[in-house]
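Report on the structure
Residue-level listing of the chains:
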Amino acid sequence: MEENVKKLTEFSAIKPTGTLTLGSYLGAIKNWNELCEEYNSIFCVADMHSITIRMDPAVLRRNALEQLAYYIASGLDTEKCILFIQSHVHEHAELSWVLGCYAMFGELSRMTQFKDKSAKNADNINGGLFTYPVLMAADILLYGTDVVPVGEDQRQHVELCRDIANRFNGVYGDVFKLPRAIVPKVGARVMSLTEPEKKMSKSDDNDPGSVMLRDTDDVIMRKFKRAVTDCETCVRFDPENKKGVSNLMTIYSAVTGKSYEEIEREFDGKGYGVFKPAVGEAVCDTVRPIREEANRLLADKAYLESIYADGAAKASRIAARTLSKVYKKVGFIKKA
Ligand code: AQP
């Protein structure tokens, strides 16, 4: 896809710290797809963001390629979207440095994800973890992004990106467009099946509470059958008092398009023994074609390489224009 200057631009990314979950799909990728027709669509595999935790290099490489395959298998049209790997476009790191000089220590310290991840990795609270939202701001701002489809947990980072852009524009004029987050109505925060007060996350592959897009039907069914519910038997949406059941209803609603009222009627008087496998089956129906297509794509490395090479070339052209404008504005001498 070549950039169409009249269209608005959507940009988003996911870091390949593990294999994608149902949460990554419902909270993010599914919604990327929905805007592709109307927007210039640019998506990256955020490998640079992944090294804020210690990752085995071979695993990172494998995850990154697998993630690209899952993007395409989820329906992203390679003719209409730019798909690339973040570390292939060096402008991300370069703009990140400049923006870091316009991001305040106090605001970075207030980021919920920084606080959560620091608590989780107390022995490795590195600078990258702290400046992660600055690199994310660079990712977004390089492409003149209008909208960033993300799950609820990333909304705060997109808002910080706007603040940084605004501050920069306040000094140098209108250099950056101000992006806004788009968060889905259903599925913005998919919770763990075993600990429904915790977000479903991809970094723990063996977590029985996380449904991975690469899980087989059997594994998915087993996870749903073991999902935590409560001591009542009625299927009712009440996220305060019935966290597990409400999470399952959210998942069911997101994959079937049914409203909470319709779901309550469908399972009225049927109990969790019927409800949990029904959610599992609906999820299998959504995930199975994606998994099968991703496996097919992963067997064709040359094809995936052609997609990310082409994507990096197109992304670089846009990113280089933005970076050169920024360098000029801040006063760097143009390279002879
Ligand atoms: N459980 C979720 N429900 C809804 N949306 C979710 N997202 C992630 N988990 C859920 C959305 O998917 C994108 C993932 O981006 P990311 O990997 O860069 O960030 P993350 O939020 O840190 O994802 P994880 O899975 O929790 O990764 P780890 O375990 O490595 O920290 C974002 O749009 C996110 O909102």
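Just above sits the structure.
What comes next concerns the included structure. (Residues numbered from 1 in each chain as written. Predicted model: local features only at pLDDT ≥ 70, side-chain atom pairs only at ≥ 80, totals over all residues. Heavy atoms only, no water.)

Take the packing of helix 10 (residues 243-256) against helix 12 (residues 272-298) next. Running from N to C, helix 10 and helix 12 cross one another at 40°; their axes reach a closest spacing of 9 Å. As the angle between them shows, helix 10 and helix 12 are arranged oblique. Two packed elements cross with a definite hand, and for helix 10 against helix 12 that hand is left-handed. Contacts between helix 10 and helix 12 involve V245, L248, M249, I251, Y252, V255 and T256 from the first element and Y272, F275, K276, A278, V279, A282, V283 and T286 from the second. When its residues are assigned to classes, the contact of helix 10 with helix 12 shows 12 nonpolar, 2 polar and 1 charged. (Axes fitted to C-alpha atoms, helices over the stretch in contact; angles between N-to-C directions. Helix = DSSP H or I, 4+ residues; strand = E, 2+ residues; numbered from the N terminus. Parallel < 35°, antiparallel > 145°, perpendicular 65-115°, else oblique. Left-handed = near helix turned anticlockwise from the far one by under 90°. Contact = heavy atoms within 4.5 Å. Nonpolar A, V, L, I, M, F, W, Y, C, P; charged D, E, K, R; others polar.)

In this section: the environment of G244. Within the secondary structure layout, G244 lies in helix 10. Taking relative accessible area as the criterion, G244 reaches 6% and is therefore assigned buried. When the C-alpha atoms of G244 and C81 are compared, they prove to be 36 Å apart, with 163 residues separating the residues in sequence. Those residues within four positions of G244 in sequence are excluded, and the remaining contacts are P196 and V228. (Buried < 20%, exposed > 50% of the residue type's maximum accessible area, 1.4 Å probe, protein only.)

Moving on: the nonpolar core. Generally speaking, nonpolar side chains in soluble globular proteins are found buried as a group. By size, the foremost hydrophobic cluster in this structure holds 58 residues, and its most contacted members are L22, Y71, L83, F224, F275 and V283. Among the elements that make up this core, the one with the highest residue count is helix 12 (12 residues). When residues no more than four places from it in sequence are discounted, the contact partners of F275 are V235, V245, L248, M249, I263 and F267. Judged by nonpolar contacts, the second largest core, of 44 residues, contains M111, F176, A188 and L323. (Core = buried A, V, L, I, M, F, W, Y, C linked by side-chain atoms within 4.5 Å.)

In the vicinity of the ligand lie 23 residues, with T17, K117, D153, K202 and S203 positioned nearest. Residue D153 places a side-chain N or O atom 2.4 Å away from an oxygen atom belonging to the ligand. Against a free-state accessible area of 640 Å², the protein chains account for coverage of 97% of the ligand. For the shell around the ligand, the elements supplying multiple residues, two or more each, are helix 1 (22-35) and helix 6 (112-120). Split into classes, the residues belonging to the shell around the ligand amount to 7 nonpolar, 10 polar and 6 charged. (Near = heavy atom within 4 Å. Polar contact = N/O pair within 3.5 Å; in protein donor to acceptor, adjacent residues only side chain to side chain. Areas by Shrake-Rupley, 256 points an atom, 1.4 Å probe, with all protein chains shown as cover.)

Counted according to the given criterion, the structure contains 14 aromatic pairs. With a centroid separation of 5.0 Å and 75° between ring planes, the pair formed by W32 and Y71 is classed as edge-to-face. With W32 in helix 1 and Y71 in helix 3 (residues 57-73), the pair connects residues that are 39 residues apart, well separated along the chain. The same class applies to W32 and to Y71, which are both buried. (Phe/Tyr/Trp six-rings, centres within 6.5 Å; stacked < 30°, edge-to-face > 60°.)

Remark: helix 7 (residues 127-141) packs on helix 8 (residues 155-172), axes separated minimally by 9 Å, with the N-to-C direction vectors making an angle of 70°. As summarised for this structure, helix 7 and helix 8 are arranged roughly perpendicular, according to the angle between their axes. Residues Y132, P133, M136, A137, I140 and L141 of helix 7 form the contact with helix 8, whose participating residues are H157, V158, L160, C161, I164 and A165. In terms of residue class, the contact of helix 7 with helix 8 is built from 11 nonpolar, 1 polar and no charged.

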